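Residues per chain are reported as follows:
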Amino acid sequence: MARSSRRQPSWLSLSLSILLLAVFMPAVMAVKKHDFKTCEQSGFCKRNHALADDIASKGRDASPYRLDPNTIRMKNGQVEGTILKTTSDSERIKLPLIVTFLDSGSARIQIDEEKRQRGDIELRHSSKARKERYNEAGSWALTGAGLQPQKLGKFDKGDESTTVTWGPSNQFSATITYAPFGVEFAVNNTKQVVLNERGFMNFEHWRPKIEKPVKEEGKEEETKDEPAVTGEDESTSWDESFGGNTDSKPKGPESIGMDITFPGFSYVYGLAEHASPLSLKETHGGEGNFDQPYRFYNADVFEYELDSPMTLYGSIPFMQAHNKGSTVGVFWLNAAETWVDIVKTKQDSTLGLGGHMDTQTHWVSEAGVMDIFVMLAPTPKALSKKYGELTGYTAMPQMFGIAYHQCRWNYVSDEDVKDVDRKFDKHNIPYDVIWLDLEYTDDKQYFTWDADTFPDPIGMEKQLDEHGRKLVIIIDPHIKNKAGYPIVEELKSKDLAVKNKGLNIYEGWCWPGSSHWIDCFNPAAREWWKSLFLYNKMKGVQSNVWIWNDMNEPSVFNGPEVSMPRDNIHYGNWEHRDVHNINGMTFHNATHHALISRAKGENVRPFVLTRAFFAGSQRIGAMWTGDNQASWGHLAASIPMILTQGVAGFPFAGADVGGFFGNPSKELQTRWYQAGAFYPFFRAHAHIDTRRREPYLLGAPYTEIMAQALRLRYSLLPSWYTAFREAATDGTPIVRAQYYVHPHDEYGFALDDQFYIGSTGLLVKPVTTEGDESVNIYLADDETYYDYNSFKTYRGAGKHITVAAPLEKIPLLMQGGHVFARKDRPRRSSGLMKWDPYTLVVVLGRDGEAEGELYVDDGETYEFEHGAYIHRRFKFEKGGLASQDISASWTPKDNKKKSAYLKTMESVTVEKIIIVNVPKSLESKTEVKVAGDGVKSGTTANLSYHAAGEGNAAWAVIRNPAVMIGADWRIDLEVGGDVKSEL
Ligand SMILES: *[C@@H]1O[C@H](CO)[C@@H](O)[C@H](O)[C@H]1NC(C)=O
Ligand SMILES: *[C@@H]1O[C@H](CO)[C@@H](O)[C@H](O)[C@H]1NC(C)=O
């Protein structure tokens, strides 16, 4: 939850303007664009762009960065050297370079500034900040896996460049040119990624401030008259003001910049989080383009606008470039404010062989070392794996985490919560989690309860627990500054809060009014945070209570750009500017670890939702897209945003269902539930000023249609969980864009309104336009697709098909060739489904075969890490369906856990197998043979055949084959030879 419309910019004038504000309240229902900087208002962005324009006019050779050949050394998979920057005063600035070829196959380019490495600089304003450039982003974002240097193939040092080859059959090469410095990455001699191709590299070295007569803001002419110091227009180099706040910038200008070109690529993706299409747009203006670069500066953007490169709550500076032949990635590891420019240019072939498109990007960050990872892969899937090797994979959630969450600001009392809980049951609508926004606290003091409205939290939690349900409560990083509040007293006495530039405790305004902020960069602060969550310390909380971390960008109502001053100081004396985009992740992680350790031996997976995030946050928990609006546009925009989260390696993502601000129409809310049922994270949420909108309140036919969407989500939970497992081991998105599933089909590269669920072959296109009663779905491949319910068939490689979508219908297709699992018995919560039998849906492909996977574990604990899980491959071939174990088995101890777990699962069976697209030869068949572990020989099961109808496929149902979900088995249809599709 963000600031409400009641928020106003200066809290100091609160008392004076409260009346005025109330009058103007309705007028502020739009993003306050002027609260946030444009590139021109961000000094370093402006300087880097001026430099780029200057170089572009002079030519790349004007770039003053040269790698000194005499310094180049090769050792242990690393190339080291020194880049010399020649300043306009002919001074040579030494920039140490390390290029590492990692065993994950990626390359890492690190550039630092020697003078600052040695701490040989002076800070202005007697600042106590660290003198080095920030070099610890990796310790938060990277897992340490895949970072070891690998053996290189060729190392060929020439007069103008050095070439290194590596990887299987030396297919990867990096050519490092000296003058100007640049690196060209190729796969099998095809150029894929080029650094500094355009010469925009910039490294603002430390320099003392030479006092000159003070210039007035906005007096452009004066700066223009100064001698041209390339890219070093000093008007924004020192103290910098915006929106009434002045940043003291004790280190002066220190930005870095690099241009990165993807030759032959016309599509780029990633750069979460922005409310932008999946296929990233150009940023230099012109028809359909943005006129600002994509910005990363985690911020509480009130009522964000759609189709915009404006910064939002989280930052993942990772980009994928994709063409039919390959997928490459760049991860710009930097936690400071960052801007990314994108331009696509047609390159005409000089040989007349037809041109190709290049995507040229330009990355600039305010501070820190330069740390760039380049990843080369054949496909998006392979690239996801590589990126995950660096930053980690999705944490496996508990089953309830991927079920339905009911939230609003606010359920007003424990009786209110209990009443909502009963009403869901009364209307037979499943849900797993109910949420409390900040009004549950006593006077916005976290770790307390409002004694009047929540007199008996434990009683409330116990009622929820009766049906396996959970409670999530909000806890934010701002701690109310109020005498006698024990939490703030401890925070202060233990010295664990973020400090201001004078090294005194920082004070700002947020929900509780005057507040301090816990500094989770400090290990002692994280330890203290842990202690607050211990069951014997935290009041009114039992083991079915989990946490929501909001406002962790951090949001500061009276701070610059609604956040902290950049010259604030964190643990280790790093400035806030250095760590800003990582800040939210450290808090999210601290809460996660606090929940792991709230009781000895509990061993359950925590659930913590976050709003702010960075690369690596996927290892911790879920995110949502913040404060959206109850509009059709926001419903539609949620899909590319969630798809982009998948590309960016953080796929456990959702948007507020129904829209946070405003009241959705019944139609909009219903359509939103139908879409939300396909978000990896599925939560309804609403602003305090909105009308109540729990699904049972809407009445006929809406309530029942929403309930159906919810039941569909619950029935598919086994398949969703399997998709999470894939994300947790391979980094694959949970919902997958068209280009991701069909990487060779160019038509689909920009499609972002339809998507696949994991590897199930389920293809959905939610209705996101008011009044629409049908949708057009694009089918890339030659496989047959079937309507999820009616088995109506659709074919057409490279064609659009029309699917009817009256209000009660979600356009959902099944791609031939897949097997997926469901649980079809309706229950009140996912916890109550734990021992329910499975339904397998087998959708035969044109070749008469189908394949799919199922992953199962206890849905709660970490025992799966020690072998306590089931992982099966179902394969339909040669006229029968077989289940095969594909779980790994490691140590004998793990294998023991595995068999113990399998024993608990013996009663869980397959109760139904639905086979779609069966041959007519099954018509007279009524029985099938069942064989396998624990199955008596000669066992059979009943089969019923359903003939093909008008445009619908024939299908068959096998009832109660009673095979165990965790065992090997085969069910034979005995149709003689291969089953061939009728279609
Ligand atoms: C998460 O917290 C743990 C425990 O305090 C710490 O060891 C780890 O470095 C933290 N990681 C991140 C990404 O914050
Ligand atoms: C590069 O060539 C090698 C050897 O011919 C081949 O195995 C590999 O798949 C190729 N790589 C790509 C990405 O095309």
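Residues numbered from 1 in each chain as written. Chains lettered and ligands numbered in written order. Predicted model: local features only at pLDDT ≥ 70, side-chain atom pairs only at ≥ 80, totals over all residues. Heavy atoms only, no water.

A. Up close: the overall build of the protein chain. Scanning the protein chain from N- to C-terminus turns up 17 helices and 52 strands. By the compact-globule yardstick of 30 Å for 983 residues, the protein chain fits well, its C-alpha radius of gyration being 29 Å. Structurally, the protein chain occupies a C-alpha span of about 95 × 75 × 60 Å along its principal axes. The burial tally for the protein chain puts 62% of its 983 residues in the buried class. A separation threshold of at least 6 residues defines the contact pool for the protein chain, and within that pool the share at least 24 residues apart is 72%. With 111 positive and 130 negative side-chain charges, the protein chain shows a spacing of 4 Å between the two charge centroids. (Helix = DSSP H or I, 4+ residues; strand = E, 2+ residues; numbered from the N terminus. Rg over C-alpha atoms; globule rule 2.2 N^0.38 Å. Buried < 20%, exposed > 50% of the residue type's maximum accessible area, 1.4 Å probe, protein only. Contact = heavy atoms within 4.5 Å. Lys, Arg positive; Asp, Glu negative; His and termini not counted. Charge placed at Lys NZ, Arg CZ, Asp CG, Glu CD.)

B. Structural view of the state of the cysteines. For the coordinates displayed, the defined rule picks out 1 disulfide. Here Cys-39 engages in a disulfide with Cys-45; their sulfurs sit 2.1 Å apart. Disulfide Cys-39 to Cys-45: torsion about the S-S bond roughly -95°, handedness left-handed. Summarising the burial analysis for this pair, Cys-39 and Cys-45 share the class buried. Between Cys-407, a free cysteine, and Cys-510, which holds the nearest cysteine sulfur, the sulfur-to-sulfur gap is 17 Å. For Cys-407, a relative accessible area of 2% gives the class buried. Looking at the unpaired Cys-520, the closest cysteine sulfur is the one in Cys-510, lying at 15 Å. (Disulfide = S-S within 2.5 Å.)

C. Quick peek at the site of ligand 1. Contacts to ligand 1 come from Trp-140, Arg-526, Asn-589, His-593 and Arg-619. Within the contact set of ligand 1, an oxygen atom lies 3.2 Å away from a side-chain nitrogen or oxygen of Arg-526. A distance of 3.5 Å separates an oxygen atom of ligand 1 from a polar atom in the side chain of His-593. Coverage of ligand 1 by the protein amounts to 72% of the 360 Å² it exposes when considered alone. Per-class residue counts for the shell around ligand 1 are 1 nonpolar, 2 polar and 2 charged. (Near = heavy atom within 4 Å. Polar contact = N/O pair within 3.5 Å; in protein donor to acceptor, adjacent residues only side chain to side chain. Areas by Shrake-Rupley, 256 points an atom, 1.4 Å probe, with all protein chains shown as cover. Nonpolar A, V, L, I, M, F, W, Y, C, P; charged D, E, K, R; others polar.)

D. The arrangement of the environment of Asp-103 in detail. Residue placement: Asp-103 occurs in the loop between strand 4 (92-101) and strand 5 (107-111). The spacing of Asp-103 and Leu-152 is 49 residues in sequence and 9.8 Å in space, taken between C-alpha atoms. Excluding its chain neighbours within four sequence positions, the residues that come into contact with Asp-103 are Gly-146, Leu-147, Gln-148, Pro-149 and Gln-150.

E. Here's a closer look at the sheet that holds strand 42 (residues 812-815). What the 6 strands build is an open sheet, ordered 35-36-37-42-39-40; its pairing is antiparallel. What marks the edges here is a single partner per strand, and that holds for strand 35 (735-736) and strand 40 (793-794). (Pairing = 2+ DSSP bridges.)

F. Spotlight on the packing of aromatic side chains. On inspection of all chains with the given rule, the structure shows 52 aromatic pairs. A centroid spacing of 4.9 Å and a plane angle of 80° characterise the contact between Tyr-134 and Trp-574, whose relative ring orientation is edge-to-face. Remark: Trp-574 occurs in the loop between strand 29 (545-549) and helix 11 (576-596) and Tyr-134 occurs in the loop between helix 3 (114-117) and helix 4 (137-141); sequence separation between them is 440 residues. Looking at Tyr-134, the relative accessible area reads 4%, which means it is buried. On the accessibility criterion, Trp-574 (3% relative accessible area) is buried. Their ring planes at 75° and their centres at 6.1 Å tell us that Tyr-304 and Tyr-313 sit as a pair that is edge-to-face. Each residue in the set Phe-400, Trp-435, Trp-546, Trp-548, Phe-607, Trp-624, Phe-652, Phe-681 and Phe-724 is aromatic and connected to the rest through ring pairs, giving one cluster. The ring of Trp-435 is capped by Arg-683, whose NZ or CZ atom sits 4.7 Å from the centre of that ring. Cation over ring: Arg-683 sits above Trp-624, and NZ or CZ is 4.9 Å from the ring centre. (Phe/Tyr/Trp six-rings, centres within 6.5 Å; stacked < 30°, edge-to-face > 60°. Lys NZ or Arg CZ within 6 Å of the ring centre and 35° of its normal.)

G. Examining the pairing of strand 21 (residues 356-365) more closely. Counted residue by residue, strand 21 has 8 buried out of 10 residues, so it is predominantly covered. Bridging between strand 20 (residues 338-347) and strand 21 involves 10 bridges; their strand directions are antiparallel. When the bridges of strand 21 are listed, Val-340 appears paired with Trp-363.

H. Structural detail: the domain arrangement of the protein chain. Taken domain by domain, the protein chain comprises domain 1 (4-34), domain 2 (40-208 + 238-391), domain 3 (402-481 + 519-698) and domain 4 (739-972). Computed from C-alpha atoms alone, the centre-to-centre distance between domain 2 and domain 3 is 34 Å. Contact between domain 2 and domain 3 buries roughly 4700 Å² in total, counting both sides, with carbon and sulfur atoms accounting for 57%. Run the count over domain 2 and domain 3 and you get 9 salt bridges. (Domains from an automatic or database assignment. Buried area = accessible area lost by both parts, 1.4 Å probe. Salt bridge = Lys/Arg side-chain N within 4 Å of Asp/Glu carboxyl O.)

I. A look at the pattern of salt bridges. With the rule as written, the count across this model stands at 68 salt bridges. Here Arg-130 makes a salt bridge to Glu-132, at a shortest N to O gap of 3.2 Å. On the basis of relative accessibility, which here comes to 26%, the residue Arg-130 falls in the partly exposed class. As a salt-bridge pair, Arg-611 and Glu-553 come within 2.7 Å of each other at their nearest N and O atoms.

J. Fine view of helix 11. The terminal C-alpha atoms of helix 11, which comprises 21 residues, lie 28 Å apart, in line with the 30 Å expected from a rise of 1.5 Å per residue. Across the 21 residues that make up helix 11, a large majority, 19, are buried. (Expected span 1.5 Å × (residues − 1).)

K. Looking closely at the pairing of strand 49 (residues 927-932). Strand direction decides the pairing type here: strand 49 and strand 50 (residues 940-946), joined by 3 bridges, are antiparallel. Considered in strand 50, the bridge of Glu-927 is made with Asn-942. Relative to strand 52 (residues 969-972), strand 49 is paired through 4 bridges, and the arrangement is antiparallel. Bridge pairing links Val-930 to Ile-971 in strand 52.

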